[in-house]
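Each chain, written out:
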Amino acid sequence: MRRCRMSAPALPLPVEIVGRSEEAAGIFTLHLRLPTPEQRAVYCFLPGQFNMLYLPAVGEVPISLSSDPEDEILGHTVRSAGRVTRALARLQPGEYLGVRGPYGRGWPLQEAGGRDVVIVTGGLGCAPVLAVVHYVLRRRKSFGRLVVIQGVKHSRDLLWPQAYQEWARQPDTQVLVAADAGEPLWPWHVGSAIPLIEQAVFDTDHALAMLCGPEGMMVAAARALAARGLAESAIYLSMERNMQCAVGLCGHCQLGGKFVCRDGPVFRYPEVKFLLERGGL
Amino acid sequence: MSVPAFLPRPQLQRVFDALQHLGYRIVGPVARDGALVYEDITSASELPWGVAARQDAGSFRLEAGAGERCFAWANGPQALKPLVFAPVEPLWRMERKGAGFEVRMTQATCRPTAVIGVRACDLAALALQDRHFLGGLHADAHYAGRREDLLLIAVNCTHPAATCFCASTGDGPQVSRGFDLALTELDEGYTVAVGSPPGEKLLALLAPAPATADQLERERAALHRAAAAQTRGLPGRQLRDVLMARLDHPRWQEVAERCLACGNCTAVCPTCFCHAEIESASLDGATSLHLREWDSCFGERHGYIHGKQLRPGTRERYRQWLVHKLATWHDQYGRSGCVGCGRCITWCPAAIDLTEEAAALCAGAA
């Protein structure tokens, strides 16, 4: 894997939108291509890292990279939720936005090589961890088993439902999905996703877990994984905080003494366990 | 370092003359609007001669001081922070070009600036802000531009306020590092110590006489008295573990009922670094400035994340401010973020006293 270095941390670089795909209601992916071959050669990232996307005259927002690190086109999957993302939702191919990044610490994919990978996600907006699913499936032989556990509130909240069926057919791959409330013909579990961790098949001595979702869900998932015998140091999670500068200066993303933008957003569970279990910090 | 020198009081103007000769803009304390503020001055006559300041929790009053001194007070609401970490400043300017746009960094043009009257607490705070803005992987160019060519003429504190507790944090009342020249005000003039090569160069222009043994003894005694006069203090310099173990202490709720969440404490705190980034667009949207401005962990936007407040109430916000300042700052920068200047006590409209809160929260800890 290429060693990543920061490309343009101080100023946003104007970048053309070369494609756009609709993922679900209010969720879309912007495909961006850096302007010059030199910039494309220098820019590299790990899934789990993020860029600051800048919409001129509107503002900036941190968005994780959802494309494969070896693709030249950078994908950002965005949920239209706030002032800036609602404006991003109106952008079309041919228009420009600013990019600075990549920032933060990504998923430990090098460390995960050869091991079983257990992914537990909750709710919407888990693009950072879906990028890992694609990453592993694309390099299937470099990893052990892949277990994907996804929980949603309502069955209709499951984005890309066909993708889960498709992953479930892959070799050495297990997919467990749960909705707190299901519709008729919902093929998966009804209830919390946390008890499904019981059913996950993986080698606790040679596995790595990656969690993404609401903080309470991640704490519950980490406890369930630890109860299965997985070392807490083999559990990673991605934190979400208000990030404005992305370089550990503006102070908004502080979690205890951590700056989530710089020290995270991906943390080893023991690094943030105390703070997460407490909540309200 | 050379032997401390002595400048008779009438010669203080020569410091100004020498600074101007070297091309410095001079910033110093002025009594204005009932407070002591740091602003551009050109002559020693503008300093607050004969002024004293009485400070207490929630109170700052200028008074006539005894004698003919100009530094016979502790501090005003702010000193160095706005000079290096500007309250509002543009980070970049955007201009639309065809289908795309251009972004250019905006950089304030900074004249070499000399600040006269810098206190030990402010130097300690500046060292912390330097570490925050310049010490990481991404040194902040805007801060760096203002910090460069800053000449610091410190004044040892001989008249601490009732709110001061720098002796307890170990940051004062005497300056120890980070200054170019350090003065101590005596009845007849100023002892002058050199702290850096630029300070030495400046002092050489003044060609002063060495301080006498009697003057140095009176300086020592004055600084000793200034430390001994401080009645407030923190219960320790390392409160991290105690506070982190007491995040559910009932005192957080109790203080939240008094706190107005106005953010005054964070505005006057010389180490608070939080800032918001905001986009200020022209009416037609053809250009915009991307600004940063001071932000406060007491405000609505600080802990906001798509439709949710991470710290919804004053209890959580006060806890964030105090726990960051006294506990998690240790994780970030290896020491507490409090330098004992007492400003958050003086300028709190509800007279909340950080030292009193810390004592209540840490009471009974071994």
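About the criteria used
- Residues numbered from 1 in each chain as written.
- Chains lettered and ligands numbered in written order.
- Predicted model: local features only at pLDDT ≥ 70, side-chain atom pairs only at ≥ 80, totals over all residues.
- Heavy atoms only, no water.
- Helix = DSSP H or I, 4+ residues; strand = E, 2+ residues; numbered from the N terminus.
- Rg over C-alpha atoms; globule rule 2.2 N^0.38 Å.
- Buried < 20%, exposed > 50% of the residue type's maximum accessible area, 1.4 Å probe, protein only.
- Expected span 1.5 Å × (residues − 1).
- Contact = heavy atoms within 4.5 Å.
- Buried area = accessible area lost by both parts, 1.4 Å probe.
- Salt bridge = Lys/Arg side-chain N within 4 Å of Asp/Glu carboxyl O.
- Polar contact = N/O pair within 3.5 Å; in protein donor to acceptor, adjacent residues only side chain to side chain.
- Nonpolar A, V, L, I, M, F, W, Y, C, P; charged D, E, K, R; others polar.
- Pairing = 2+ DSSP bridges.
- Axes fitted to C-alpha atoms, helices over the stretch in contact; angles between N-to-C directions.
- Core = buried A, V, L, I, M, F, W, Y, C linked by side-chain atoms within 4.5 Å.
- Domains from an automatic or database assignment.

Asks: Whenever I open this one, the overall build of chain A confuses me. Can you help?
Replies: From N to C terminus, chain A includes eight helices and 15 strands. Computed over C-alpha atoms, the radius of gyration of chain A comes to 18 Å, within 12% of the 19 Å expected from 2.2 N^0.38 for 281 residues, which places it in the range of a compact globule. Projected onto its principal axes, the C-alpha coordinates of chain A cover approximately 50 × 45 × 40 Å. Relative to its 281 residues, chain A shows a buried fraction of 56%.

Asks: Teacher, can you tell me more about helix α4 (residues 127-138) of chain A here?
Replies: For an α-helix, the turn length of 3.6 residues means that residues three or four places apart are oriented alike. Residues and elements named next belong to chain A. The end-to-end C-alpha distance of α4 is 16 Å, a good match for the 16 Å that twelve residues give at a rise of 1.5 Å each. Within α4, nine of the twelve residues are buried, which leaves the element mostly enclosed by the surrounding structure. All of the buried residues in α4 are Ala-127, Pro-128, Val-129, Leu-130, Ala-131, Val-132, Val-133, Tyr-135 and Val-136.

Asks: So what exactly am I meant to see when it comes to unusual backbone geometry here?
Replies: If a residue is not glycine, its phi is most likely negative; likewise, a peptide bond is most likely trans. With an omega of 0 degrees, the peptide bond between Gly101(A) and Pro102(A) qualifies as cis. Unlike most non-glycine residues, Asp33(B) shows phi in positive territory, near 55 degrees. Mapping Asp33(B) onto the fold places it in the loop between β2 (25-32) and β3 (35-40).

Asks: Just checking my understanding: could you explain the interface of chain B and chain A for this structure?
Replies: When the parts of a complex come together, some accessible area is lost, and that lost area is often taken as the interface size. On the side of chain A, 40 residues touch chain B, which itself brings 43 residues to the contact. Summed over both sides, the interface between chain B and chain A buries roughly 3,400 Å², with carbon and sulfur atoms accounting for 61% of that surface. Contact with chain A buries surface across chain B, with Trp92(B), Phe101(B) and His138(B) losing the most and accounting together for 20% of the total. Seen at the junction of chain B and chain A, the total is one salt bridge. The partner of Arg278(A) in a salt bridge is Asp248(B), with the nearest N and O atoms 2.9 Å apart. Here chain B is connected to chain A by 16 residue pairs in polar contact (both at pLDDT 80 or more). Listing elements by their share of the side of chain B that touches chain A, those giving two or more residues are β6 (88-97), β7 (100-105), α3 (120-134), β13 (275-281), β14 (287-294), β15 (304-305) and α11 (314-333) of chain B. Take the side of chain B that touches chain A: its biggest share by element is eight residues, from α11(B). Classifying every residue of the side of chain B that touches chain A by side-chain character gives 18 nonpolar, 13 polar and twelve charged.

Asks: Would you explain the pairing of strand β5 (residues 74-79) of chain A in this entry?
Replies: A regular strand carries its side chains on alternate faces of the sheet. All names here are of chain A. Counting buried positions along β5 yields five of six residues, so the element is predominantly enclosed. Summarising the sheet, strand β2 (residues 27-33) and β5 pair through six bridges and their orientation is antiparallel. Directly across from Leu-30, in β5, lies its bridge partner His-76.

Asks: Explain the sheet that holds β2(A) to me, please; I cannot follow it from the model alone.
Replies: Remark on secondary structure: sheet strands pair via backbone hydrogen bonds, oriented parallel or antiparallel. Residue and element names in this part refer to chain A. Ordered in space as β4-β3-β6-β1-β2-β5, the six strands form an open sheet in which the pairing is antiparallel. The two strands at the open ends of the sheet, each matched to only one other strand, are β4 (59-64) and β5. Looking at each pair of strands side by side, their axes are set apart by 40 degrees on average, direction ignored.

Asks: Would you explain the side chain of Thr173(A) in this entry?
Replies: All names here are of chain A. Checked against the element boundaries, Thr-173 lands in strand β9 (residues 173-181). The class of Thr-173 is buried, set by a relative accessible area of 10%. Here the side chain of Thr-173 touches Pro-171 through a polar contact of 2.8 Å, landing on its backbone oxygen. Beyond its immediate stretch of four places on either side in the chain, Thr-173 contacts Leu-137, Arg-140, Leu-146, Trp-167 and Ala-168.

Asks: Please clarify how the nonpolar core should be interpreted in this entry.
Replies: A general feature of soluble globular proteins is that nonpolar side chains tend to end up buried together. With 141 residues, the main nonpolar core has Ile149(A), Leu211(A), Leu225(A) and Trp321(B) as its most contacted residues. Every residue in contact with Leu211(A), bar those within four places of it in the chain, is listed here: Trp107(A), Val120(A), Met218(A), Ala221(A), Ala222(A), Leu225(A), Ile235(A), Tyr236(A), Leu237(A) and Ser238(A). By size, the runner-up hydrophobic cluster in this structure holds 29 residues, among which are Ala179(A), Leu208(A), Met210(A) and Tyr236(A).

Asks: Explain the side chain of Gln174(A) to me, please; I cannot follow it from the model alone.
Replies: All names here are of chain A. By the element assignment, Gln-174 lies in strand β9. At 3.4 Å, the side chain of Gln-174 forms a polar contact with the side chain of Arg-145. Excluding residues within four positions of it along the chain, Gln-174 makes contact with Arg-145, Leu-146, Val-147, Val-148, Gln-199, Ala-200 and Val-201.

Asks: Would you explain the domain arrangement of chain B in this entry?
Replies: Residues and elements named next belong to chain B. Per the domain assignment, the segments making up chain B are domain 1 (5-84 + 94-228) and domain 2 (240-362). Its C-alpha centre places domain 1 at a distance of 25 Å from the equivalent point of domain 2. Counting residues at the interface gives 36 residues for domain 1, matched by 35 residues for domain 2. Of the roughly 2,800 Å² buried between domain 1 and domain 2 on both sides combined, carbon and sulfur atoms contribute 57%. On the domain 1 side of the interface with domain 2, the three residues burying the most area are Lys-81, Leu-128 and Phe-165, jointly 24% of the side's total. Put simply, domain 1 and domain 2 have three salt bridges between them. For Arg-292, the salt bridge goes to Asp-140, with nearest N and O atoms at 2.8 Å.

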